Amino acid sequence: MKTRIEDLAIFGGQPVFREKFHVGRPNIGNRQRLLARIDDVLDSRWLTNDGPYLQEFERRVAKLLGVRHCIAVANGTVGLEIAIRAAGLTGEVIVPSFTFVATAHSLLWQNITPVFADVDEHTHTLDVAKLQQLITPRTTGILGVHLWGRPCQIDRLVEVARDHHLRLLFDAAHAFACSYNGRMIGGFGDAEVFSFHATKFVNTLEGGAIVTNDDKIAHDSRLFRNFGFTDYDSVESVGTNAKMNEIEAAIGITSLEGMPEVLAVNKRNYMAYSDEMMEIEGISLVKYNENEAGNYQYVVLEIDETQIGISRDQLLDVLHHEGVLARRYFFPGCHRMEPYRSLYPDVGRQLRSTEELCRRTLVLPTGTSVGVRDVKEICEIIRFVASHKDVISNRR
Ligand code: T4K
């Protein structure tokens, strides 16, 4: 507990946490069950290439989400690349810039031009009214991102896509086990893509999945995942190697089984952050719709510098010194990263809310490695910073 300004680690005091708290600390499922499954994989000597654990994982995901097809892949990025190719996207695709850079890269990697659209400053997802002005004769699709697990305005995007004959895909990397109007994310648009990276709600160490109700997209995605093979020695198209292996699938099954416990912890931590943060003027916690299923995997703050009196980056600096490795996702926005910065040097002017959010957002640690006491201590630091803003904001 800090009582004097000199107690802060930025001024030479002892950090609150010696063991650092990371955003994105993985949740580990039931270890006994996992190790038994890994033993089974090793005993069977079937380690990859459409094995029984992979098939079981795909079946369970498809059932949970109520979709016809789940194609598990090596990671979310290659899942996006495959879904984009299977949906036949070319030319230009409209995409938010306020996202992890993989969303934009998955397009440009295939010589498709990502056209950055602004997000709505409240929902952090595509601003549907603004994006319609970006549609040109070269536009073939929209790639929305359900950021933080909060769904895009799906109904409106479906209308726009239908009216302009565009494909509609979703990067659902954050949105596993989340719902929109009571239906699970996964079944919307032409296809949706999840990430099962170590830092995600459900993880397979590295991994991802394309989910779709479209038989053709599913068929082509399976081909593309496995070099284009349709049989032992016949190849029907170009393809890549995007297979998920058996141990990853076994980890995925164990992680699916562990979802209720992880969700309970995420929700508990979120509520604790929410209670603690309530009275700090200038800081607001990004909210989740309680009437929908959510995974509460991201605890996201918005820092209003004019109200609190210090910048997001000054707060971040204090937290890092105290051992809280908060992250400023998704700073600075894809459009300010290469090669997009050089390709579109002026696009920032049309991305007002994106630029603002890149200045304001801060993601805090949660998950099973974070307890309520830790949350209280993290919030105590933030409160202390808010009440000593003059000294901290003048620090050089
Ligand atoms: N679309 C969206 C919207 C995404 O957010 C992502 C990935 C993708 C697409 C692509 O999906 P994948 O191809 O990754 O499946 C991390 C993750 O690597 C990335 O998966 C994730 N989004 C992104 C939001 O976060 P970095 O560059 O921040 O990673 P890094 O190494 O800094 O680690 C993040 C934090 O997690 C650190 O605080 C350390 C902690 N950590 C990480 C790992 C891997 C651990 O404590 N243990 C671990 O094993 O991207």
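Residues numbered from 1 in each chain as written. Predicted model: local features only at pLDDT ≥ 70, side-chain atom pairs only at ≥ 80, totals over all residues. Heavy atoms only, no water.

## Digging into the nonpolar core
Judged by nonpolar contacts, the single largest core of 50 residues is most densely connected at W148 and I382. Among the elements of the structure, α9 (259-277), β13 (283-285), β14 (299-303), α11 (312-321), α13 (352-360), β16 (361-364) and α14 (372-387) are those that each provide at least two residues to this core. Built from parts of two domains, this core gets at least three residues from each of domain 1 (5-25 + 258-326 + 365-393) and domain 2 (31-118 + 125-257). Filtering out sequence-adjacent residues up to four positions away, I382 remains in contact with M277, I280, I283, L301, L315, L319 and L364. In terms of nonpolar packing, the next biggest core, distinct from the first, is built from 47 residues, A72, V115, M244 and A249 among them. (Core = buried A, V, L, I, M, F, W, Y, C linked by side-chain atoms within 4.5 Å. Buried < 20%, exposed > 50% of the residue type's maximum accessible area, 1.4 Å probe, protein only. Helix = DSSP H or I, 4+ residues; strand = E, 2+ residues; numbered from the N terminus. Domains from an automatic or database assignment. Contact = heavy atoms within 4.5 Å.)

## A look at the packing of helix α8 (residues 246-257) against α9
How two helices sit against one another is set out by the angle between their axes and by the gap between those axes. Direction vectors running N to C along α8 and α9 enclose 55°, while the axes themselves pass 5 Å from each other. Looking at the two axes, α8 sits oblique to α9. Counted together, S255, L256 and E257 of α8 and M259, P260 and E261 of α9 form the full contact between these two elements. Taken together, the residues of the contact of α8 with α9 break down into 3 nonpolar, 1 polar and 2 charged. (Axes fitted to C-alpha atoms, helices over the stretch in contact; angles between N-to-C directions. Parallel < 35°, antiparallel > 145°, perpendicular 65-115°, else oblique. Nonpolar A, V, L, I, M, F, W, Y, C, P; charged D, E, K, R; others polar.)

## Some words on unusual backbone geometry
Note: most peptide bonds trans; most residues except glycine with negative phi. Cis geometry is adopted by the peptide bond preceding P332, which originates at F331 and carries an omega value of 0°. With respect to the helices and strands, P332 occurs in the loop between β15 (324-325) and α12 (340-343). Cis geometry is found at the peptide bond from E338 to P339, where omega equals 5°. Topologically, P339 is positioned in the loop between β15 and α12. Of note in the backbone geometry, D50 takes a positive phi value of approximately 60° without being a glycine. Here D50 lies in the loop between α1 (31-44) and α2 (52-65). Taking relative accessible area as the criterion, D50 reaches 41% and is therefore assigned partly exposed. At W148, a position not held by glycine, the phi torsion is positive, near 60°. Mapped onto the secondary structure, W148 falls in the loop between β5 (139-145) and α6 (154-163).

## Section: the sheet that holds strand β3 (residues 92-96)
Pairing is mixed in the open sheet, where 7 strands are placed in the order β2-β10-β9-β6-β5-β3-β4. One side of each edge strand has no neighbouring strand; the edge strands of this open sheet are β2 (69-73) and β4 (113-117). Going from strand to strand, the sheet's axes swing by 25° on average, the running direction of each strand aside. Both β3 and β5 contribute to a ladder of 3 bridges, which runs parallel. Paired with E92 across the strands is T139, a residue of β5. Strand contacts of α2: β2, β9 (191-195) and β10 (208-212), with the helix running at about 135° to β2, the strand carrying the most contacts. (Pairing = 2+ DSSP bridges.)

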